[in-house]
Amino acid sequence: MSEKVIRLFKLSFKGDSLRVGGEREGSTLYQLKYKVKAREVPVIPNSSWKGVFKRISEEISKGKGMGTALSHDNDDHPKELRGNKEADERVTRILERVRETIDNERNEVNGTQLKGVDIDDEVWTIVRSNVPAAEITWGDLEELTARAVYYYMCPVERLYGSKLFASSISFSDSLVEGNVSFQPHVVLDRTFGAQKEKHLFEEEVVEPSIISLKVVLRPEGDVQLWKYTLRYVEKMGIAVGGSKSRGLGHLTLDVEESKVGEVDGVDVKWDGLTKFLWSKS
Ligand SMILES: [Zn+2]
């Protein structure tokens, strides 16, 4: 299977009630809605999807020690957590090439000068485009290069983007058709020791029919990590929105109804998701 291909995913989810969005008015929590043809329709926004999928991918890539994922922390690779041999060697190699090319021993390098330095490494292209035009210290360049290498070799950043380059996966919004109702909740107030007061709040929830999510995966992304992530979701489901502890928002992936397509010019070759999930490559 060629890895230089753009893949589209049509994922189909089923689930019980959910509430996405935290608009509160008085003692009511509202479900987020978009206006579609003068009608208010509940929605799971792409940012929610990206957030929940990313957290799963982070766990998996750390668990499997993929690339530099072990030092992935809070959307970054802080200095004190680094220590991947392959990555450190790559940093050194790039910086040595820069030293050779610009041929000076000063502690400062000029951003404009660096624009003219060509190194046969994709990471250098990223570093170069993030260097300011003005003078920067050699230390700054070292740090920028190290961050770029660690981000680039981390399957999480490769998929979901980093401070230095864009993401290679995009999620759609999902309009959710289904019954909308208000669920009452009782809160026990223990401020005075005993259960003194009961406050009531209510939550607007939607009971979804089928939820459909479209995903675009560009070739720069880590296909393997995305595959692992979908396998996990197939097995464990995925939780979106608020009040998960009260059992809201748990969705299951309907693999039989889900599809994957490979973009070939203007055509898309569609196939079942199962084959993609369990193929060897
Ligand atoms: Zn990372």
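All values reported here derive from a predicted model rather than from experimental measurement. (Residues numbered from 1 in each chain as written. Predicted model: local features only at pLDDT ≥ 70, side-chain atom pairs only at ≥ 80, totals over all residues.)

1. A closer look at the nonpolar core
Which entries qualify depends on this criterion: Put simply, a nonpolar core is buried Ala, Val, Leu, Ile, Met, Phe, Trp, Tyr and Cys residues tied into one set by C-beta atoms within 7 Å. Counting other C-beta atoms within 10 Å of each residue's C-beta, where C-beta atoms are placed from the backbone, gives the exposure class: buried for 20 or more, exposed for 12 or fewer, partly exposed between. Comment: elements are numbered from the N terminus, with helices defined as DSSP H or I runs of at least four residues and strands as E runs of at least two. Segmentation into domains, and thus their bounds, comes from an automatic or database assignment. For the purpose of contact definition, each residue receives a C-beta atom placed from its backbone, and two residues are in contact when these atoms lie within 7 Å.
Counting 51 residues, the largest nonpolar core has Val123, Val149, Tyr150, Leu213 and Val215 as its most contacted members. Top contributing element to this core by residue count: helix α5 (residues 138-152), with six residues. The residues that make up this core include at least three from each of domain 1 (7-68 + 168-278) and domain 2 (85-152). Contact partners of valine 123, with chain neighbours within four places excluded, come to Arg90, Ile94, Ala148, Val149 and Tyr152.

2. Some thoughts on the packing of helix α2 (residues 85-102) against α5
When two helices pack together, their arrangement is given by the angle between the helix axes and by the axis-to-axis distance. Applicable threshold: Each axis is a line fitted through C-alpha atoms, taken for helices only over the stretch in contact, and angles between the N-to-C directions span 0 to 180 degrees. In these notes the angle categories are as follows: under 35 degrees is roughly parallel, over 145 is roughly antiparallel, 65 to 115 is roughly perpendicular, and the rest is oblique. Rotating anticlockwise by less than a right angle from the far helix to the near helix defines a left-handed crossing, while the corresponding clockwise rotation defines a right-handed one. Residue type decides the class: Asp, Glu, Lys and Arg count as charged, Ala, Val, Leu, Ile, Met, Phe, Trp, Tyr, Cys and Pro as nonpolar, and the leftover types, Gly among them, as polar.
For the pair α2 and α5, the least separation of the axes is 9 Å and the interaxial angle reads 135°. By the angle class used here, α2 and α5 are oblique. The two elements α2 and α5 cross, and the hand of that crossing is right-handed. On the side of α2, the interface is formed by Ala87, Arg90, Val91, Ile94 and Leu95, while α5 contributes Glu142, Thr145, Ala146, Val149 and Tyr150. Classifying every residue of the contact of α2 with α5 gives seven nonpolar, one polar and two charged.

3. Side note on α5
How we decide: Between the first and last residue of a helix there are one fewer steps than residues, each counted as 1.5 Å, and that sum is the expected span.
In this model, α5 (15 residues) spans 21 Å end to end at C-alpha, consistent with the 21 Å of a helix rising 1.5 Å per residue. Buried within α5 we find Thr145, Ala146, Arg147, Ala148, Val149, Tyr150, Tyr151 and Tyr152. Next to the buried residues of α5 lie α2, α4 (122-130) and α6 (155-160).

4. Quick notes on the sheet that holds strand β4 (residues 33-36)
Put simply, the rule is: DSSP bridges decide pairing: two strands pair if at least two such bridges lie between them.
The strand order across the open sheet formed by three strands is β4-β5-β9, and the pairing between neighbours is antiparallel. Of all the strands in the sheet, the pair left with one neighbour each is β4 and β9 (174-175). The sheet contact formed by strand β5 (residues 39-44) and β9 spans two bridges and is antiparallel. The residue bridging isoleucine 44 from the neighbouring strand is serine 174, located in β9.

5. A closer look at the pairing of strand β16 (residues 267-272)
Counted residue by residue, β16 has zero buried out of six residues, so it is predominantly exposed. Linking strand β15 (residues 259-264) to β16, which pair antiparallel, is a turn of two residues; within it glycine 265 sits at a positive phi near 65°.

6. What to know about the packing of helix α1 (residues 46-63) against helix α7 (residues 223-236)
One can describe the packing of α1 onto α7 by two numbers: an axis separation of 9 Å at closest approach and a directional angle of 110°. As far as their axial angle goes, α7 and α1 are roughly perpendicular. Here α1 contributes Phe53, Ile56, Ser57, Ile60 and Ser61 to the contact with α7, which in turn contributes Leu225, Tyr228, Thr229, Tyr232 and Val233. Taken together, the residues of the contact of α1 with α7 break down into seven nonpolar, three polar and no charged.

7. Overview of the pairing of strand β12 (residues 211-217)
The side-chain alternation of β12 yields one buried face, formed by Ile211, Leu213, Val215 and Leu217, and one unburied face, formed by Ser212, Lys214 and Val216. Where strand β1 (residues 7-15) and β12 come together, seven bridges link them in antiparallel fashion. Its bridge partner being in β12, leucine 8 is matched across the sheet by valine 216. When strand β8 (residues 169-171) meets β12, the two strands line up antiparallel, connected through three bridges. Looking at β12, one finds that serine 170 is bridged to valine 216.

8. A closer look at α1
Our working rule: Our arc is simply the arc of the directions from the helix axis toward the C-beta atoms.
Taking 1.5 Å of rise per residue, 18 residues should cover 26 Å, and α1 covers 26 Å from first to last C-alpha, within 8% of that figure. Within the span of α1, buried status applies to Trp49, Phe53, Ser57, Glu58 and Ser61. Seen from one end, α1 has its buried residues packed into an arc of 160°, which puts them on one side. Where α1 is buried, its residues contact β5, α6, β8, β12 and α7. The first or second residue beyond α1 is glycine 65, which carries a positive phi of 60°.

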